[in-house]
Amino acid sequence: MNYNVDEKGYYGDFGGAFIPEMLYPNVAELREKYLKISSEPDFKKEFDNLLKVYVGRPTPLYFAKRLSKRYNTKIYLKREDLCHTGAHKVNNTIGQILLAKRLGKNRVIAETGAGQHGVATATVCALMGIECIVYMGELDIKRQAPNVARMKMLGAEVRSAKSGSKTLKDATNEAIRDWINNPVDTHYIIGSVVGPHPYPDMVARFQSVISEETKWQLKEQEGREYPDHIIACVGGGSNAAGLYFHYLNDERVNIISVEAAGKGIHSGKSAATSALGKEGIIHGSKTLLMQSHDGQITEPYSISAGLDYPGIGPMHAHLYRSKRAEFISIPDQEAMGWGLTLSQMEGIIPAIETAHAFAVLDVRKFSPEEVIVFNCSGRGDKDLDTYIDYFKL
Ligand SMILES: *Cc1c(COP(=O)(O)O)cnc(C)c1O
């Protein structure tokens, strides 16, 4: 079994590029050039250097002593929360902005829901002096005011999507329309391992620095490159793909993916895509997504904005169907509890997305000699208002 993308852009039954004909040239250009450009020595040098001096990599692989003691196993945290801008997303936007430059693009567009990807995109556009337009649903603009302010401060233009439910899917439609109208000078930066091929593979490769570092860091600390379990939360699946990438075909490593159960898997208010999803097409790729009987996409719900997505990337759909990965879904309440637990046991305030992953420790047994690596995908600063309301702090 192979868990990487194949030559046609598929992970098993999932993936591909289901796009309007008008978008063919844009996607074809990327597909033909992304591997060649990103493997050029000059590209790698610039990418590695920016990850080092701008993002702050390598991020530490931290042995969580108190947590390990309480759960009687060996727990490591890969500290993506220490990346510049507060999460893993910037690894990908750095890669894509370098690619955009080499494709001769002088304008970047992106879509954003909670605003995290918009901020990571606006950041790298400022870094490179490239024009940046971020599409965002009108409703999300109201709900995510601090991130809108950040993007504006970084020099991006935030354009409001006023159609449909005025959220992420509508912003995506607007971004695609923009790209169709500006095929020559514009690059579209997608923020997770979703979208038409080659996006899922391209984003996974840029994020794969996470497992690349984990291998040598674990070797230093444990004497072996591979852990027994790797655990990450999955919204679209980019932080997970980054942690899994170099371990995908190493069957000694068990993979655990954590989704948001919201108010309960069967409550009608969740984002547990693998448990509830069926095959369908979303954002240009065939994958598992939450939909009604007649194929309408179901509105997802999670207390964490980053997991509030009705699909998962095609790599993760394949990991689910092939049973390479275990999928566990965690309700809001347990995730919020872990926001406090990690803060008070390790002095690390996690993003609410990240907190979902740790809740696995309460539902799954591990033995004392096992080594577990959690992807600590982001920090909780952005979620402070939610924590304040929830815990009456
Ligand atoms: C955006 C985000 C996620 C979810 O996105 P993935 O593509 O699934 O990684 C998870 N954690 C944090 C901190 C995020 O900002």
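Residues numbered from 1 in each chain as written. Predicted model: local features only at pLDDT ≥ 70, side-chain atom pairs only at ≥ 80, totals over all residues. Heavy atoms only, no water.

A few points about the nonpolar core
Then comes step 1: Among the nonpolar cores identified, the biggest contains 82 residues, and Ile97 and Tyr244 are the most heavily contacted of them.
Then comes step 2: With residues up to four places along the chain from it excluded, the contact list for Tyr244 reads Ser211, Ile230, Ala232, Ile255, Ile256, Ser257, His316 and Leu319.
Then comes step 3: With 27 residues, the next largest nonpolar core counts Ala335, Ala355, Val360 and Cys376 among its residues. (Core = buried A, V, L, I, M, F, W, Y, C linked by side-chain atoms within 4.5 Å. Buried < 20%, exposed > 50% of the residue type's maximum accessible area, 1.4 Å probe, protein only. Contact = heavy atoms within 4.5 Å.)

Observations regarding the sheet that holds strand β8 (residues 186–188)
Then comes step 1: An order of β7-β6-β5-β8 is seen for the four strands of this open sheet, with the pairing classed as parallel. Every interior strand has two partners, whereas the edge strands, β7 (157–161) and β8, have only one. Between one strand and the next, the sheet's axes are offset by a mean angle of 25 degrees, whatever the strand orientation.
Then comes step 2: Relative to β8, strand β5 (residues 107–112) is paired through three bridges, and the arrangement is parallel. Residue pairing across strands places Ile109 opposite Tyr188, the latter belonging to β8.
Then comes step 3: Taken strand by strand, helix α8 (residues 168–181) contacts β5, β6 (131–137), β7 and β8, and its axis lies near 160 degrees from that of β5. (Pairing = 2+ DSSP bridges. Helix = DSSP H or I, 4+ residues; strand = E, 2+ residues; numbered from the N terminus. Axes fitted to C-alpha atoms, helices over the stretch in contact; angles between N-to-C directions.)

Quick word on the site of the ligand
Then comes step 1: In the region of the ligand, 16 residues are neighbours, and Lys89, Ser192, Gly235, Gly237 and Ser238 sit closest.
Then comes step 2: Within the contact set of the ligand, an oxygen atom lies 3.2 Å away from a backbone nitrogen or oxygen of Gly236.
Then comes step 3: In this structure, Gly237 approaches the ligand through a main-chain N or O atom, which is 2.7 Å from an oxygen atom.
Then comes step 4: About the coverage of the ligand: the protein hides 96% of its 380 Å² of free accessible area.
Then comes step 5: Residue composition of the shell around the ligand, grouped by class: three nonpolar, 11 polar and two charged. (Near = heavy atom within 4 Å. Polar contact = N/O pair within 3.5 Å; in protein donor to acceptor, adjacent residues only side chain to side chain. Areas by Shrake-Rupley, 256 points an atom, 1.4 Å probe, with all protein chains shown as cover. Nonpolar A, V, L, I, M, F, W, Y, C, P; charged D, E, K, R; others polar.)

Section: unusual backbone geometry
Then comes step 1: Cis geometry is adopted by the peptide bond preceding Pro58, which originates at Arg57 and carries an omega value of 0 degrees.
Then comes step 2: Pro198 follows His197 through a cis peptide bond whose omega is 15 degrees.
Then comes step 3: Backbone geometry places Thr85, a non-glycine residue, at a positive phi of 80 degrees.
Then comes step 4: When you line up the elements, Thr85 lands in the loop between β4 (74–78) and α4 (89–102).
Then comes step 5: The exposure class of Thr85 is partly exposed, given its relative accessible area of 28%.
Then comes step 6: The phi angle at Lys323 is positive, at roughly 65 degrees, despite the residue not being glycine.
Then comes step 7: By secondary structure assignment, the location of Lys323 is in the loop between α13 (314–321) and β13 (325–331).

Section: a nonpolar patch on the surface
Then comes step 1: A cluster of nonpolar side chains, namely Leu384, Ile388 and Leu393, defines an oily patch on the protein surface of about 280 Å² accessible area.
Then comes step 2: By secondary structure assignment, the location of Leu393 is in the segment after α17 (384–391). (Patch = residues over 30% accessible without salt bridge, like charges linked within 9 Å, V, L, I, M, F, W, Y side chains within 5 Å. Salt bridge = Lys/Arg side-chain N within 4 Å of Asp/Glu carboxyl O.)

Concerning the pairing of strand β9 (residues 229–233)
Moving residue by residue along a regular strand, the side chains alternate between the two faces of the sheet.
Then comes step 1: Within β9, five of the five residues are buried, which leaves the element mostly enclosed by the surrounding structure.
Then comes step 2: Going residue by residue along β9, you find His229, Ile231 and Cys233 tucked away on one face and Ile230 and Ala232 tucked away on the opposite face as well.
Then comes step 3: Direction of pairing for β9 relative to strand β10 (residues 254–262): parallel, over a ladder of five bridges. Its bridge partner being in β10, Cys233 is matched across the sheet by Val258.
Then comes step 4: One crossover worth recording links β9 to the parallel β10 by way of helix α11 (residues 238–244), and it is right-handed.
Then comes step 5: As defined by bridge partners, β9 adjoins strand β14 (residues 371–375) across three bridges and the pair is classed as parallel. In the sheet register, Ile230 faces β14, and the bridge partner there is Val373. (Right-handed = clockwise from strand over helix to strand, strands pointing away.)

Some thoughts on helix α14 (residues 332–346)
Then comes step 1: The end-to-end C-alpha distance of α14 is 21 Å, a good match for the 21 Å that 15 residues give at a rise of 1.5 Å each.
Then comes step 2: Among the residues of α14, those classed as buried are Asp332, Ala335, Met336, Trp338, Gly339, Leu342, Ser343, Met345 and Glu346.
Then comes step 3: Once α14 ends, the next one or two residues include Gly347, with phi positive near 70 degrees. (Expected span 1.5 Å × (residues − 1).)

Comments concerning the sheet that holds β4
Then comes step 1: Spatially, β3-β4-β14-β9-β10-β13 is the arrangement adopted by the six strands of the open sheet, whose pairing is mixed. Only two strands of the sheet have a single neighbouring strand rather than two, namely β3 (61–63) and β13. The average undirected angle you get between the axes of adjacent strands in this sheet is 25 degrees.

Comments concerning α4
Then comes step 1: Across its 14 residues, α4 extends 21 Å between first and last C-alpha, which sits within 8% of the 20 Å expected from 1.5 Å per residue.
Then comes step 2: Taken across its 14 residues, α4 has 11 buried, putting it largely inside the fold.
Then comes step 3: Burial in α4 covers these residues: Val90, Asn91, Asn92, Thr93, Ile94, Gly95, Gln96, Ile97, Leu98, Leu99 and Ala100.
Then comes step 4: Of the residues one or two after α4, Gly104 is the one with positive phi, at around 75 degrees.

Brief notes about the packing of aromatic side chains
Then comes step 1: For the coordinates displayed, the defined rule picks out 13 aromatic pairs.
Then comes step 2: Taking the centre distance of 5.9 Å and the plane angle of 40 degrees together, the rings of Tyr71 and Trp338 count as tilted. Taken together, the residues Tyr71 in helix α3 (residues 65–71) and Trp338 in helix α14 connect sequence positions 267 residues apart.
Then comes step 3: These aromatic residues form a ring-pair network of at least three members: Tyr71, Trp338, Phe358 and Phe374.
Then comes step 4: Positioned over the ring face of Tyr226 is Arg224, at 4.8 Å from the centre of the ring.
Then comes step 5: It is Arg324 that lies over the ring of Tyr3; its NZ or CZ is 5.8 Å from the centre. (Phe/Tyr/Trp six-rings, centres within 6.5 Å; stacked < 30°, edge-to-face > 60°. Lys NZ or Arg CZ within 6 Å of the ring centre and 35° of its normal.)

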